[in-house]
Structure formats: structure tokens, C-alpha cells
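Results of the structural survey
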Amino acid sequence: MRKKISFENLKDIQRSQKGLSGDEVERQRRHFGLNEIVEVAGNPWIELAQETLKDPMIWFLVGIGSIFFLVGEPSEGLVLFVAILPLLFMDAILHRRTQASTRSLKSQLASQVLVIRQGVEQTLPSQELVPGDLVRISSGEYLPADGFFEQTDSLQVDESLLTGEAFPIPKSPLAFQDSWLNSKDEVLVEAQQLGHAGTRVLTGHAFLRILFTGRQTAYGEIVDSVGRLPHERTPLQKAITKLVQVLVYSAAVFCLLLAAVRIYQGYGWLDALLSAATLAVAAIPEEFPVVFTFFLGVGVYRLATKHALVRRAVSVENIGRVTQICTDKTGTITIGQLKLVHLDVAPSESEENLLWVASQASDRVGMDPVDQAINERAKEKAIPHLQRLRVFPFTEDRKREAAFVKNSQGQDICCLKGAPEMVLSMSKLSIEERAQWLQKTSRWAQDGHKVLACAQRTLTSQDLTQEPQEGFTFCGLLAFEDPPRKEVAAAINYCQKNGIRVLMITGDHRETALAIGKDIGLGQGSPVVVSAEDEAEKFAESWLADHPDFLKGLDIVARCNPLQKLRIVSALRHSGELVAVTGDGVNDVPALKAADIGIAMGERGTRSAKEVAAIILMDDNFSTIVNAIREGRQLFLSLKKSFEYLLLIHIPLVLTAALIPLMGYPLLYLPVHVVWLELLIHPSALFAFQQKSSDKQKDRLQIHERSKNLFFFSRREGWWLSFLGLVFTGVLALSYVSSFSESGDATHARAKALALLTLWSAMIVAALTGLREIASRLIFTGTVLSAVLIIQIPWFSKLLHLSCLHGEDWINVVGILGVFFVILQIQRSKGKTSI
């Protein structure tokens, strides 16, 4: 693969093996700055304060809480002030997400480098590198910046964290041409001649000429894209904010109107103030943010028991509504480690001998993933690793590695492994046999395997002085792969059955990605694959915007770079999908940040990926995503039911608190009544709807488009809840007015209305939960008993300015609620409502 690259950064220096001079270093540093990842400018605390001050919910809670203290209700005021804390905490988490993702990327760069300047090798901080520096790198080190290799010695680099490529990448030197310095156009060079910041050297050593530093590196582009992405509030956060704004404005207008009307009606200033304060208390929606925060906390705990560590609590809201998963391949779908999975043995050989030859030709303690995979397989088969008397290491030019060993019979053996075409050319095979083995090699490669060949030769005393070039006995082929995790196929199947699309995005080759996709069942076993490298124009931002359905027809995008992956995620979100992105590498950071939910791997994942992700899978198991989604769906359903309950209670409570005084009747609710009702509403909303997910439970969550919801209900559900709340409001008001008109006793009319409202609360709990959980049964029973005891026990009823009800009053209350319960059950059986 070839890449376009510009050498303009080197035009003002003298490129030599002695490195840069002092003057050249200073000139380059003034022009390009330090080799640092540039963070978003600004004071993070000031930015956090600015974001917080934009939140009207904070202002609402502060203002109404202060009013509570002024009207002598310090306990309610304290509840509101305490409710501010989790909101501030969530704002801080959202803001820190942007800052942390940028800072953590720095940790992937080398901190110290060995650089040659003025002919002297010296160790310097990597931040001091400038374009033109000559850096010496060795096995196990990270590349400090982008550049090209001037010299290499058996160099292999792990680029999986940047490109997604699972296999080691052999590197070779670039034959630099001075004419490139004067070219205004970019030059095509081989990708294997380039090195990138953040990638790790597996074997060998090399000299790297620095070409790009800081933001100009591939790393810098990733950080720049992360820094430009704003954190967004979730749909439910926006809905709660909008609801609070509506209630704030409505309550303010009604409170002023009610106070004016009561004064006009001749009730006096004290009654007017009490009426307005009571309405304010009833209209306060503090349950919504409190319940939201509580459910998020429960979700964090439950997901932790499923091995999913939640870093952003608000992601619990979205995990159950995911409609699209964009998943990395290496380390996410696969185990992230090369495995020797197939031994294709020559007719005259055995698997044991093939593995013995491969083992002797491998470094027992090296970092080469291929050698490690061979050694692991040899250990399983109890094949001994003999002392290597002489080694001829692998190089890009040689394409093979050979080792001299003495076998158990005392014979000197040369064990050879390497590229199949090279090993076959050195073996004693006919032209037809070589062609057959090359065809086998091609088939293995097309199935996504990395293929090596092995051969051996018995040495004579004359052979011990140099590596033999021919006469080897061919032993067979070794086929390596990064295999999929065992649990992934079942997880993919769950997603497909429950309306969740899975798109695998990888930097790997098309054939490799296709083989893995078939194994795990993507696209029902026939996945649709597109190479982002071959069809790059289809992954431009404008093209994706003009063809919104293109991505929905794909199962795999191969040879995809980080910026293309970011565009894919953004395009899916713009088309209405709620997107979860999984990944473990630096190349996944922009997409993790841009997603509705970023999910990082806990064991293999880089610090950068973990910092920017909303959820971390502690066991790196793709099936954990399924468990998290199932739990998230149940939590979302429970939260939705809790909000249905709150709306059905608050609509009649607020409206009757305003309408009854406006009609000129005595106050329906005194402050103490509202406190009593709040003591029933709070535990009901928090605890009655907590239901755990079950493997046997059918997913019934209906996903709605994020932009068309009323709150987070469908349009039909929104209208139904509004209609039901208004009808019960009319019944409640009529009950109070008729009772007061008949007896002229406000305490009796008030008692009947409160009995109706409290039992309405219990009935909603029963309808929404089916009383299947012990918490819902306890709350139902407690609500009914408290209503009966407080109203019927004279001491309590007198304290609350009520009077005891007669038997016919209770029959009337139960009869009204019975009619509503039957209506709800009929509607539920028709599937028109969730209650």
C-alpha cells in the first residue's frame, strides 16, 4: 500500500547521518514548536462554570429552593439544594470527558528518545524533537513522532492501536530523493517505509527521520478531532430540562395569577400568599431530576455486576436504546492475539515435526507475535525448545529466519521458517509441487490468515559455516489468525433478533475482515463488505450526507482509518440511529468520543480509549455488551414507568391546586397536604418500578426517533398520558366541588379529594408494575393504609385539617378508581399504552 506524503518540513535543513546542528534545531523549533499534543485552550474550571450556568434546571432548583426557605418549608428547600449536587457532578463528568480524552493521548508517546544531533547520540525528552531529527529506536519502544525509516534491521512494528491491523508490519528503509524537497506536490511512498507516533517496535531496531511532530502527526490529527467534538446532553436530559422550563414558567404565571385572584376575591394577603406557595410546592418537578439521578445510580451498580464499568452515569439512559453498534475487530470481536490455528503438513511429514521445526526457528523470548504464537502451540504439545547454535534472523530482504540446532540423535539441523514463496524456492520440490503449495498459500491468505512455510535440512561439517541456500526438505505451512471470541456469535445473533444493527469497522484487509464476519454470523453469515481504501470517495463527509442509507446496507467496513470511522459514526447519528461504538485502540478514540455511547475494552484497551469511553467492559467480552443492553433496556423501561407515574400524579395535583382557588372555593391543598403527598410520591417513584432484567424476559422496548418524542414517550403515549391526567383532574375537581356544595364543609371535601388522589397513586403503581416485585407490593399496601389511617383516625385528620369519611364516601372513591382501572386494562390489552 502506498501513501501520499509531503517532505516540505525538511527543505530548510541539511539531511545527514550526523543529525541536525544547533542552529537547525532552534530554527525548526521556532517554526514547528514542541512535539506536543495540543490541548483545547482555556481554563477548564471557567469552562465548567460557564456550562453549568447555562443549565436552567440549576437556576430553577436554586430559586424555588430559596422560596421554600422564605415560606417556612426548609426541608423541601433542602431537598432541592441537595438535588443540585448530582446535576453539578454530571456536568463535571461531561466536561472532564473532553479534557481527559486529550490529556490521556499523551501517555502513548515515548517520553525519552535517543536522538543524534551534531554527530552525538543523546537522550532527550520526546517533546524536544523537531522535523529533521534522526532518532534511534529499538525493540519495545514507542515511536515518538511521524517520519520515515533511513535504516532498518529486522524491524517489525505493531500498528494495531493506530490502524487496527492485527499482524506485525515489517518495515524497510526509504531511498530518499533530494528532488522531493523541492516538489510542491505530495510524493507516493510505500506505507512500510513510514513510522507513526504511538506505534510500538516489536523486533529489530532502526533510524527514523522525523518528518511530522505535534498536531501534524497522525496522533495529532486524532487529538484535534477529539478536541473539536462538543459533549452533548442526552435526549432525556434535554427533555427534563425542557419540562422543567415549561413548569417553571407555568408555575410562575399561575402563582402570580392565583395570588391576584385570591386578593380580588377578598381572601386577603395571607391567603393569597398561601395559595401561591401551595401551588408552587405542587408544581415543583424536583422528583424528575432526583428520580433520573437515582435510576442512573441503580443502573451503574447493575451494569457493574455485569462486568460493565460505567464512567458516565447518563450513558445508562442510552445503553438500552441503542439501535446501532459500530465495533472494532482487533481485540473486540477477536481475542487480539495471533494464534497458530492450522498446520498444513507436507505428505511425508507429521504435525509434530512441522511444529518442532517452526519452534526451533523461533525466538523463545522475543516479542514477535508470530514467534509467541508458535511457542505457545509448541508448549501445548510439549515440544522441547533446543539451544540455537547459530541464528540467521528475519529481515525484509531475506523474508526468512533460520537456526542451527542439534537434535536428540546428535545431528546438526537447519530449521527454516519464512515467506512461503521464499521457503518453497529453497526446498527440494518439483515445479508442480511448488505451484500446488502456492495455491494452498493463496487460499489460506484469502480466508484471512497469515501464512508461513517451514523446511529443514541435515547439515554436514562444511554447511556449519554459512546458511544453506537450497536442498531443504519442505515440512508444510503454518496458518495464523486472530480468532473471534467464542461468545461473539451469540451476541451478534441477539442484536440481529432485537433490531440492533452491527457494523464492524476495521483497518484490516477486506479478506481478513470478511472471514471473521462470516465466522461470527454478520449479515446472517453473508456479510456485505466495503473497503474504505478502495472506495474512499464513499466515505467523504458530503457523500455520506447525500446517501444516508448507504451505511445501513453494510456489515463490514475494511481498511478504514480513524477519520473515516469518525465520519461513519457521525453520519449514522445524523440519520437518527442511537450509536454505540466499541474499541480498544488509539484509532478508536475519535469515534468513541463522537458516539452516543463509547464502550472501551478494560483489559486490552489503551488509556486513551478508556478515558474517552462512557462504559468500560472489564472482561473484554463482546457478550457483555448484550448483557449491558438488556439491563439498560429494563432500566429504561423502569424509568419510563416512573415518569409515567409522576406525570399522572402531577397533572391532577398541579391543576386542581390552581383551579379550585381560582373558582373561588377554599383551598384544596394546604402545605402540609402537599408534604404528605410528596412523602408518598417520592418512594413510589424511586422504588416501586425497580425491576431486574431476566434472560427469559422478552425485550419489549420500542425505539423511537430521538427528535420526534414527546419527552421520551411516543406521540401516542404522550397524548394518552395527557388525556388520562386531564380526565382524572376533572373527576378530582368535581368530587371536591360537589362534596363542598353538599356539606359546606371544606375539611370533608378535602378529605374525600385527598383519599381519591392517594388511592389514585396506589392504583397507578398497581397498573404499571402488576405488583410483581415486593417493593411495589409494599408501596401499594403502604399507600392504601396511610390514606385510610390518616383520614379515619381523628387525631391525624384533625392535625391535617381533614374530617373522617363515611362508608359511602369510600365506596364512591373505590368505585371511581375501579372504572379507571378497567379502562386502563382494556387499553393495555389493545397495546395502546404501557399501563
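About the criteria used
Residues numbered from 1 in each chain as written. Predicted model: local features only at pLDDT ≥ 70, side-chain atom pairs only at ≥ 80, totals over all residues. Heavy atoms only, no water. Helix = DSSP H or I, 4+ residues; strand = E, 2+ residues; numbered from the N terminus. Buried < 20%, exposed > 50% of the residue type's maximum accessible area, 1.4 Å probe, protein only. Contact = heavy atoms within 4.5 Å. Salt bridge = Lys/Arg side-chain N within 4 Å of Asp/Glu carboxyl O. Axes fitted to C-alpha atoms, helices over the stretch in contact; angles between N-to-C directions. Parallel < 35°, antiparallel > 145°, perpendicular 65-115°, else oblique. Left-handed = near helix turned anticlockwise from the far one by under 90°. Pairing = 2+ DSSP bridges. Polar contact = N/O pair within 3.5 Å; in protein donor to acceptor, adjacent residues only side chain to side chain.

Within the protein chain, the secondary structure is distributed over 28 helices and 23 strands. The buried share of the protein chain, reckoned over its 835 residues, is 56%. Counting only contacts in the protein chain whose residues sit at least 6 apart along the sequence, the fraction spanning at least 24 positions is 74%.

Now for the pattern of salt bridges. Following the criterion strictly, the structure yields 21 salt bridges and no others. Of the charged contacts in the structure, one is a salt bridge between Arg 29 and Glu 26, with a shortest N-O distance of 3.7 Å. Separated by three residues within a single helix, Arg 29 and Glu 26 lie in helix H1 (residues 22-32), roughly one turn from each other. Classification of Glu 26 by relative accessible area gives partly exposed; the value is 39%. A salt bridge links Glu 401 to Lys 417, with the nearest nitrogen and oxygen atoms 3.1 Å apart. Remark: Lys 417 occurs in strand S15 (residues 412-418) and Glu 401 occurs in strand S14 (residues 400-406); sequence separation between them is 16 residues. Residue classification places Glu 401 among the buried residues on the basis of a relative accessible area of 9%. According to the relative accessible area criterion, Lys 417 is buried, its value standing at 5%. Because the salt bridges share partners, they merge into one network encompassing Asp 371, Arg 388, Glu 401 and Lys 417.

It is worth spelling out the environment of Ile 568 at this point. Residue position: Ile 568 is located in helix H19 (residues 562-574). Judged by its relative accessible area of 0%, Ile 568 falls in the buried class. Considering only alpha carbons, one finds Ile 568 and Leu 551, 17 residues apart in sequence, at a separation of 7.7 Å. Apart from residues lying up to four places away in sequence, Ile 568 is in contact with Leu 503, Ile 505, Phe 539, Leu 544, Leu 551, Val 557 and Cys 560.

Moving on: the packing of helix H22 (residues 622-662) against helix H25 (residues 746-769). Where H22 contacts H25, the axes come no closer than 10 Å and their chain directions differ by 160°. Between H22 and H25, the interaxial angle falls into the category roughly antiparallel. You can see that H22 and H25 cross each other, and the crossing is right-handed. Where H22 abuts H25, its residues Lys 641, Glu 644, Tyr 645, Leu 648, Ile 649, Pro 652 and Leu 653 lie against Leu 757, Trp 760, Ser 761, Ile 764, Val 765 and Leu 768.

To continue, consider the sheet that holds strand S19 (residues 529-531). Ordered in space as S10-S23-S22-S21-S11-S18-S20-S19, the eight strands form an open sheet in which the pairing is mixed. On the outer flanks of this sheet lie strand S10 (308-310) and S19, each paired with one strand and no other. Direction aside, the axes of adjacent strands within the sheet are offset by 20° on average. The pairing of S19 with strand S20 (residues 556-558) spans three bridges and is classified as parallel. Looking at the pairing, Ser 531 lines up with Ala 558 of S20. Here helix H17 (residues 510-520) sits on the sheet and contacts strand S18 (501-505), S19 and S20; the angle it forms with S20, its principal contact strand, is near 155°. The strands that H22 touches are S10, strand S11 (324-327), strand S21 (579-583), strand S22 (597-601) and strand S23 (615-617); relative to S11, the one it contacts most, it runs at about 160°.

Let us now look at the sheet that holds strand S16 (residues 450-458). As summarised here, the arrangement of the six strands in space is S12-S17-S16-S15-S14-S13, forming an open sheet in which the pairing is antiparallel. Looking at the sheet topology across the chains shown, the edges are occupied by strand S12 (339-345) and strand S13 (390-392). For this sheet, the mean angle separating the axes of adjacent strands, direction not counted, is 20°. Sheet topology places S13 next to S14; three bridges connect them, and they run antiparallel.

This brings us to the side chain of Asp 596. In this structure, Asp 596 sits in the loop between helix H20 (589-594) and S22. Looking at Asp 596, the relative accessible area reads 9%, which means it is buried. Here the side chain of Asp 596 touches Arg 573 through a polar contact of 3.0 Å, side chain to side chain. Looking at Asp 596, its side chain comes within polar contact range of the main-chain nitrogen of Val 579, at 2.8 Å.

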